[in-house]
Amino acid sequence: MENRKNTKILLANAYGPAEVLEFQDYELGELSAGFARIRVKAAGINPIDARRMTGEFKHAALPQTFGTEYSGEIIDVAANPQGFSIGDAVLGSGGAFTHATVIDVPIANLVRKPESISWEVAGTLAGVAQTAMTILDEIGPGKSLLIHGASGGVGSITVQLAKERGMDVVGTASSRNLAYLESLGATAVEYGEGLQGRLQEVHPEPFDIAVDMVGTEEATQASLATVKSDGVIATIAGKPTSSNRVVPIWVKRNPKNLQYVVDGVASGKFKWEVDRVFPFENAAEAYEKILKGHTRGKIALVF
């Protein structure tokens, strides 16, 4: 009979480059009430995972475990009003880690995986979908939105959700991702020296709102120069900024918001791209890719 308690976890016992990552075999305890046990099929990597690995962002003691989103198959589940069963294909967020072969996650965070989307797409949606929806809820209404780092995972969904709400969206990205951004409905502008002038050229009127997804001083200064004096300037980068006008936004988990985006991706209403897929055993290479930036959509680990 299959041992449903054994898992292999990705962790780091020290801060540093991807070489600090290692795998550890671990036996899970009895499944807690309100949780489901998932055999992971795919899991997204977010920039915060790589920043925690390097020690730039610290919020827990060593050893560090990683991952906040996943897709997989239920292999054990407690009684639940949502009606999930062993064998169900699901996706979601939560739990102490998702970069592992078997994980325990809150049943309340589960969303059923549509048959029309792959495991790797499903495994990369939960974090970005809920973050993008949180951003739009927090910034409030506006006619124009500037997004710094718009071609990444959160940016890709935020652009499309904002366009759906009738906003005029301008996004910054590297030259590699400008055409991709345009395909999502944004006016694309290459970041780098002279950014402020290029933004004002494509959008002469001041923006109502700017959201920084990269955490650079360039993004802060460009926002201060191009957003209305009473407009909103926000960041999800989790880094200190040089201006108290920049307001941090932290994701709020909401399965209904996740379901909305999942349904949109499944139906083709929302475009979604997985930039690269790495086998779990090559996790170090995937984390190195994240640290280099220029990701289009998301990077996925597959199991």
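Everything below is about the structure shown above.
What this report covers is the structure whose coordinates are included nearby. (Residues numbered from 1 in each chain as written. Predicted model: local features only at pLDDT ≥ 70, side-chain atom pairs only at ≥ 80, totals over all residues. Heavy atoms only, no water.)

1. Thoughts on the sheet that holds strand E10 (residues 168-173)
Next, step 1: Ordered by their spatial adjacency, six strands build an open sheet running E11-E10-E9-E12-E13-E14, and the pairing between neighbours is parallel. Each having just a single partner strand, strand E11 (187-190) and strand E14 (246-248) make up the two edges of the open sheet. Here the strands of the sheet are splayed against their neighbours by 25 degrees on average, with no regard to which way each runs.
Next, step 2: Summarising the sheet, strand E12 (residues 207-212) and strand E13 (residues 227-235) pair through five bridges and their orientation is parallel. Within E13, the residue paired with Asp 212 across the bridge is Thr 235.
Next, step 3: Taken strand by strand, helix H6 (residues 195-202) contacts strand E9 (144-148), E10 and E11, and its axis lies near 160 degrees from that of E11. (Pairing = 2+ DSSP bridges. Helix = DSSP H or I, 4+ residues; strand = E, 2+ residues; numbered from the N terminus. Axes fitted to C-alpha atoms, helices over the stretch in contact; angles between N-to-C directions. Contact = heavy atoms within 4.5 Å.)

2. So, the sheet that holds strand E1 (residues 6-12)
Next, step 1: The three strands lie next to each other as E2-E1-E4, forming an open sheet whose pairing is antiparallel. The open sheet is flanked by strand E2 (21-27) and strand E4 (64-65), the only strands paired with a single partner.
Next, step 2: One ladder, built from two bridges, connects E1 with E4; its direction is antiparallel. Bridged to Ala 12 within E4 is Gln 64.
Next, step 3: Packed onto the sheet, helix H9 (residues 283-292) meets E1 and E2 and runs at close to 130 degrees relative to E2.

3. Digging into the side chain of Arg 37
Next, step 1: Its location among the elements puts Arg 37 in strand E3 (residues 35-45).
Next, step 2: A polar side-chain atom of Arg 37 sits 3.5 Å from the main-chain carbonyl oxygen of Arg 4. (Polar contact = N/O pair within 3.5 Å; in protein donor to acceptor, adjacent residues only side chain to side chain.)

4. Some remarks on the pairing of E3
Next, step 1: Extensive coverage of E3 is indicated by the burial of eight of its 11 residues.
Next, step 2: As paired strands, E3 and strand E5 (residues 69-77) are joined by six bridges and run antiparallel to one another. Across the sheet, Ala 36 pairs through a bridge with Val 77, a residue of E5.
Next, step 3: Inspection of the sheet shows E3 paired to strand E16 (residues 298-302) by four bridges, in the antiparallel sense. By the bridge assignment, Ile 45 is partnered in E16 with Ile 299. (Buried < 20%, exposed > 50% of the residue type's maximum accessible area, 1.4 Å probe, protein only.)

These results come straight from atomic positions and should not be treated as a statement about function.
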